[in-house]
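Here's the letter readout for the chains.
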Amino acid sequence: MERQIRYCFIGAGSMAEAMIAGLLKKGMAEAGQIMVINRQNRARLAYLNREYGVQIPENKGDAVVQSDIVILAAKPKDIPDALTQWGPMIRPDQLVISVAAGISTAFIERHLKEGTAVIRSMPNTSCTIGLSATAICRGRWATHEHMESAHRLFQAIGIVVEVPEEAMDTVTGLSGSGPAYIYYMVEAMQQAGVEAGLKADIARQLTLQTLLGAAHMLIETEEEPAELRRKVTSPGGTTLAGLETLRQYQFEKAVQSAIFRAKERSKELGDAFTTIVKS
Ligand SMILES: NC(=O)C1=CN([C@@H]2O[C@H](COP(=O)(O)OP(=O)(O)OC[C@H]3O[C@@H](n4cnc5c(N)ncnc54)[C@H](O)[C@@H]3O)[C@@H](O)[C@H]2O)C=CC1
Ligand SMILES: O=C(O)[C@@H]1CCC=N1
């Protein structure tokens, strides 16, 4: 357990909560090591304090100054203001980890003192239960030791891979937004079960166990998804009929287009600020 590290979350939204829940659950940190600041919503901070026991300092600047790792967890559109507000307080002996979609390490570095290490990350909300798929990339001043710190942090709440920064928008479209695609699929499956006559709780139970079983099959058998799919698909059977229908509705294309569009959106979110800085 890394008791000595103090974290400051700038932004108290869903992602901050998911990371806090995961860090505490996995024993990576104790509530006393985690400080959270927000732009204004005091009720939200009070909730996080009540629910998780995390620290809500009266003086927000103290939280930034007293931390070892500053986690930028505001929405991309609010990151420039957050950096203008808190950036001047951050010292080069602190580590800044951003979870913001689209925002480059170079943009963040421009608002910080020279030499301040920045790591860009893209976790997902499954970090709440320690099952995030996180990618990280290093900024200009981030050393091997900084990357190790980020690895330890994100490993506690799931798996972590290192990618070049150019890959971060793709990661965002794939695994950052990914849980939402899966939830959408689950909604559709449950709904279909109910419309076809199952009780809602039965449709939910069967859908979730199917999802869990398929995920474990992929991980534990290490077989290719296409091969596992083949094994479900009896000649002339029900699965084939179902898959053909998915094909008619261009399922593959729909999923791929969703990921490409989310990737593009991540890029747009970052480009908006790059343009502002240049002009
Ligand atoms: N929700 C998700 O599944 C994921 C989100 N992210 C990233 O995490 C970041 C946060 O996303 P959410 O938690 O979903 O958004 P959110 O809107 O729920 O939370 C953002 C919080 O930041 C606060 N904030 C804004 N400006 C601030 C400032 N100047 N100082 C302090 N706090 C400030 C807002 O008051 C708000 O509470 C985004 O950049 C997003 O791209 C990354 C991976 C997954
Ligand atoms: O929707 C978003 O913009 C954020 C980034 C990845 C997941 N949620």
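Residues numbered from 1 in each chain as written. Chains lettered and ligands numbered in written order. Predicted model: local features only at pLDDT ≥ 70, side-chain atom pairs only at ≥ 80, totals over all residues. Heavy atoms only, no water.

Trainee: What is the right way to look at the domain arrangement of the protein in this model?
Mentor: A common measure of how large an interface is: the accessible area buried when the components associate. For the protein, the assigned domains are domain 1 (7–166) and domain 2 (178–258). Just the C-alpha atoms count here: the centres of domain 1 and domain 2 sit 35 Å apart. (Domains from an automatic or database assignment.)

Trainee: Please clarify how helix α2 (residues 42–52) should be interpreted in this entry.
Mentor: Residues lying three or four places apart along an α-helix face the same way, a consequence of the helix completing one turn every 3.6 residues. Within α2 the residues assigned to the buried category are Arg-44, Leu-45 and Leu-48. Viewed end-on, α2 has its buried residues packed into an arc of 100°, placing them on one side of the element. Exposed residues on α2 whose side chains face more than 90 degrees from its buried face are Arg-42, Ala-43 and Arg-50. Along its buried surface, α2 packs onto α1 (14–25) and β2 (34–37). Taken from the residues just after α2, Gly-53 is the one with a positive phi, measuring 75°. (Buried < 20%, exposed > 50% of the residue type's maximum accessible area, 1.4 Å probe, protein only. Helix = DSSP H or I, 4+ residues; strand = E, 2+ residues; numbered from the N terminus. Arc of directions from axis to C-beta. Contact = heavy atoms within 4.5 Å.)

Trainee: Please explain the packing of helix α8 (residues 178–195) against helix α9 (residues 200–221) as it appears in this structure.
Mentor: Any two packed helices are characterised by the angle at which their axes cross and by the distance between the axes. The contact between α8 and α9 brings their axes to 9 Å, and the two run at 140°. Comparing their axes, α9 and α8 come out oblique. Every pair of crossing elements has a handedness; the one defined by α8 and α9 is right-handed. Every residue of α9 that contacts α8 at Ile-182, Val-186, Met-189, Gln-190, Gly-193 and Val-194 is listed here: Ala-200, Ala-203, Arg-204, Thr-207, Leu-208 and Leu-211. For the contact of α8 with α9, the residue count by class is eight nonpolar, three polar and one charged. (Axes fitted to C-alpha atoms, helices over the stretch in contact; angles between N-to-C directions. Parallel < 35°, antiparallel > 145°, perpendicular 65-115°, else oblique. Left-handed = near helix turned anticlockwise from the far one by under 90°. Nonpolar A, V, L, I, M, F, W, Y, C, P; charged D, E, K, R; others polar.)

Trainee: Please clarify how the layout of surface pockets should be interpreted in this entry.
Mentor: Any empty space left between the atoms is revealed when a probe the size of a water molecule rolls over them. Its boundaries defined by the atoms lining it, the second largest pocket holds a volume of some 940 Å³. Around the second largest pocket sit 39 residues that line it, and Met-15, Ala-73, Ala-74, Lys-75 and Pro-76 are the ones nearest its centre. Counted by class, the lining of the second largest pocket contains 19 nonpolar, 13 polar and seven charged residues. In this structure, the lining of the second largest pocket is formed jointly by two domains, domain 1 (7–166) and domain 2 (178–258), each of which donates at least three residues. (1 Å grid on protein atoms, 1.4 Å probe; cavity = no way out; pocket = protein on both sides within 12 Å on 5 of 7 lines; lining within 4 Å. Points joined across faces, edges and corners; volume = space filled by probe spheres on them.)

Trainee: Please explain the UniProt feature "domain: Pyrroline-5-carboxylate reductase dimerisation" (unreviewed entry) in the protein as it appears in this structure.
Mentor: Under the UniProt annotation, "domain: Pyrroline-5-carboxylate reductase dimerisation" (unreviewed entry) lies at residues 165–269. Taken end to end, residues 165–269 is 83% helix and 0% strand, and its two terminal C-alpha atoms sit 15 Å from one another. (UniProt positions renumbered as here; feature names shortened; annotations may be inferred.)

Trainee: What am I meant to see in the site of ligand 2 here?
Mentor: Around ligand 2 lies a shell formed by Ala-101, Gly-176 and Ser-177. When atoms are counted within 2 Å of each cavity's grid points, the one that captures over half of ligand 2 is the second largest pocket. (Near = heavy atom within 4 Å. Sits in = over half its atoms within 2 Å of the grid points.)

Trainee: Would you mind showing me how to read the pattern of salt bridges here?
Mentor: Two side chains that carry opposite charge are able to pair once their charged atoms sit near each other. Within the structure shown, the criterion is met by 15 salt bridges. Notably, a salt bridge pairs Glu-17 with Arg-44, separated by 2.9 Å at the nearest N-O pair. One end of the pair, Glu-17, is in helix α1; the other, Arg-44, is in helix α2, and 27 residues separate them in sequence. When sorted by exposure, Glu-17 lands in the same class as Arg-44, which is buried. In this structure, Lys-267 engages Asp-271 in a salt bridge whose closest nitrogen and oxygen atoms are separated by 3.1 Å. Of this pair, Lys-267 and Asp-271 both sit in helix α12 (residues 251–278), four residues apart, which is roughly one turn of the helix. According to the relative accessible area criterion, Lys-267 is partly exposed, its value standing at 42%. Counted as one network, the salt bridges with shared partners bring together Arg-261, Glu-264, Arg-265 and Glu-268. (Salt bridge = Lys/Arg side-chain N within 4 Å of Asp/Glu carboxyl O.)

Trainee: How should I be thinking about the nonpolar core in this particular structure?
Mentor: Grouped burial of nonpolar side chains is what soluble globular proteins tend to show. Within the largest apolar cluster, 35 residues are counted, with the highest numbers of intra-cluster contacts made by Tyr-7, Phe-9, Met-19 and Val-36. With six residues, α1 is the largest single contributor of residues to this core. Dropping the residues within four chain positions of it, Met-19 is found in contact with Phe-9, Ile-71, Val-99, Pro-123, Cys-127, Leu-153, Phe-154 and Ile-157. (Core = buried A, V, L, I, M, F, W, Y, C linked by side-chain atoms within 4.5 Å.)

Trainee: Is there a simple way to explain the site of ligand 1 in this structure?
Mentor: By nearness alone, 22 residues border ligand 1, and Ser-14, Met-15, Asn-38, Ala-74 and Ala-101 come closest of all. In this structure, Ser-14 approaches ligand 1 through a main-chain N or O atom, which is 3.0 Å from an oxygen atom. Contact distances for ligand 1 include 3.2 Å between a nitrogen atom and a side-chain N or O atom of Gln-85. In the complex, 83% of the free accessible area of ligand 1, which totals 840 Å², lies under the protein chains. Applying the majority rule of atoms within 2 Å of the grid points places ligand 1 in the second largest pocket. Elements supplying a minimum of two residues to the shell around ligand 1: α1 and α4 (79–86). The element that contributes the greatest number of residues to the shell around ligand 1 is α4, accounting for three residues. In terms of residue class, the shell around ligand 1 is made up of 13 nonpolar, six polar and three charged. (Polar contact = N/O pair within 3.5 Å; in protein donor to acceptor, adjacent residues only side chain to side chain. Areas by Shrake-Rupley, 256 points an atom, 1.4 Å probe, with all protein chains shown as cover.)

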